[in-house]
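Listed below are the residues making up each chain.
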Amino acid sequence: MKEPAVSADPTQVLAFESDCHIFSGCGFPAPGLHSFVFKPLFTVGGFEFNKPMLLALLGTVAIVAFFWAAFARPKLVPGKLQMIGEAGYDFVRRGIVYETLGKREGEKYVPLMVSLFFFIWIMNLWSVIPLAQFPVTSMIAFPAGLAAIVYILWMFLTFKKHGFTGGLKNITGYDKSLGAVLPVIVIIDFFSNVLIRPFTHAVRLFANMFAGHLLLLTFTIGSWYLLNGIGIIYAGASFVMTILLTAFELFIQAVQAYVFVLLACNYVQGALAEHH
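Residues numbered from 1 in each chain as written. Predicted model: local features only at pLDDT ≥ 70, side-chain atom pairs only at ≥ 80, totals over all residues. Heavy atoms only, no water.

Per an unreviewed UniProt entry, the recorded name for the protein is ATP synthase subunit a, and the organism is Streptomyces diastatochromogenes. Heading Function (unreviewed entry) of the UniProt record for the protein holds this comment: "Key component of the proton channel; it plays a direct role in the translocation of protons across the membrane." Note on the protein: under the UniProt heading Sequence similarities (unreviewed entry), the record states "Belongs to the ATPase A chain family." (UniProt positions renumbered as here; feature names shortened; annotations may be inferred.)

Structure (structure tokens):
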């Protein structure tokens with residue numbers, strides 16, 4: 001296993017790229033921000049294409065290829081691939097979209113939500129796949145882009161459904177019955193919905209994947225670093241933690257995809273709800 005890293009300081013490298021071990025006179029090569037910076041694989045017209053972009057592209061191709069193969073020639077009695085595809089599709093459709101939006105309103109949003117779920121899940125899953133070993137969503141640009149898609153859809157549906165005035169009331173929580181506290185509620189809801197909500201939608205996914213990757217790196221590098229003398233005993237404990245954290249990370253990766261799509265459905269539901 002090898003994790004490429006780039007740093008302004010050439011001495012700041014990961015354990016797999018050095019002979020640094022405990023008791024050998026060197027300090028622990030801790031992971032940090034340099035673990036999330038990659039040299040460009042190639043440059044075209046000033047545009048740099050790096051490892052996370054490659055993983056995002058490969059993940060997209062893999063998802064499209066899988067669902068194409070599963071549903072290109074659907075059968076009444078599904079084969080194994082079609083059965084897996086239908087199970088994944090129905091999980092998002094029935095377990096998230098229908099539960100949040102209802103069958104009649106939600107059906108038109110199923111393709112988007114299924115696409116978001118599997119794209120995010122695969123981008124997260126790269127973290128534990130050999131040779132890749134990096135969660136694409138730990139780069140804030142990817143969660144921010146996905147959150148922007150949901151935000152634009154949410155705003156579009158809000159104003160399409162309620163008109164300009166009704167849309168503003170929907171976003172700001174305007175309600176005359178609130179009396180004297182109405183201006184305070186309007187300001188709070190406006191900033192919460194227009195600024196804070198899309199920000200937290202992106203950061204929730206990013207922060208979990210960023211922190212999870214750092215934890216995995218810390219214990220993986222620690223296992224290698226401790227492989228020297230009596231440190232081998234502690235290296236074993238560190239390796240066990242690496243295995244446990246990998247299993248936990250697999251769970252978190254699926255949960256984060258689920259939460260992101262669930263929140264997206266909640267935003268759509270809020271946009272379509274009648275204002276009272």
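Right, picking up where we left off after that structure.
Trainee: Honestly, the overall build of the protein in this entry has me stumped. Any pointers?
Mentor: The helix and strand inventory of the protein stands at seven helices and two strands. Going from the N terminus to the C terminus, the protein shows its helices and strands as β-β-α-α-α-α-α-α-α. The C-alpha extent of the protein, read off along each of the three principal axes, is 70 × 60 × 45 Å. A burial count over the protein gives 39% of its 276 residues as buried. Entry remark: accessible area of the protein is about 15,200 Å², with carbon and sulfur atoms responsible for 72%. On the protein, the mean spot of the 17 positive side-chain charges and the mean spot of the 14 negative ones are 11 Å from each other. (Helix = DSSP H or I, 4+ residues; strand = E, 2+ residues; numbered from the N terminus. Buried < 20%, exposed > 50% of the residue type's maximum accessible area, 1.4 Å probe, protein only. Areas by Shrake-Rupley, 256 points an atom, 1.4 Å probe, with all protein chains shown as cover. Lys, Arg positive; Asp, Glu negative; His and termini not counted. Charge placed at Lys NZ, Arg CZ, Asp CG, Glu CD.)

Trainee: Whenever I open this one, the UniProt feature "transmembrane region" (unreviewed entry) in the protein confuses me. Can you help?
Mentor: The UniProt entry lists residues 53–71, 109–129, 136–157, 177–196, 205–226 and 232–252 under the feature "transmembrane region" (unreviewed entry), expressed in the numbering used here. Here residues 136–157 is 77% helix and 0% strand, with 29 Å between the C-alpha atoms at its ends. Helix makes up 95% of residues 205–226 and strand 0%, whereas the separation of the span's terminal C-alpha atoms amounts to 32 Å.

Trainee: Would you explain the nonpolar core in this entry?
Mentor: Most often, soluble globular proteins have nonpolar side chains that are buried together. Ranked by size, the top nonpolar core spans 51 residues in total, and within it V92, V97, M113, V261 and V268 carry the most contacts. Within the residue set of this core, elements represented by two or more residues are helix 1 (51–71), helix 2 (80–101), helix 4 (110–125), helix 5 (141–172), helix 6 (182–225) and helix 7 (231–272). Discounting chain neighbours no more than four positions away, the residues touching V261 are V92, I96, M113, L116 and F117. (Core = buried A, V, L, I, M, F, W, Y, C linked by side-chain atoms within 4.5 Å. Contact = heavy atoms within 4.5 Å.)

Trainee: What exactly am I supposed to notice about the packing of aromatic side chains here?
Mentor: Ring pairs (aromatic) are described by centroid distance and by the angle formed between their planes. Within this structure, the stated rule accounts for 18 aromatic pairs. A network of ring pairs unites the aromatic residues F66, F67, F71, F91, F117, F118, W121 and Y258 as a single cluster. (Phe/Tyr/Trp six-rings, centres within 6.5 Å; stacked < 30°, edge-to-face > 60°.)

Trainee: So what exactly am I meant to see when it comes to helix 2 here?
Mentor: Since the α-helix packs 3.6 residues into each turn, any two residues three or four apart lie on the same face. If you check helix 2, its first and last C-alpha atoms are 30 Å apart, about what 22 residues at 1.5 Å a residue would give, namely 32 Å. For helix 2, the complete set of buried residues consists of Q82, G85, G88, V92, R93, I96, V97, Y98, T100 and L101. (Expected span 1.5 Å × (residues − 1).)

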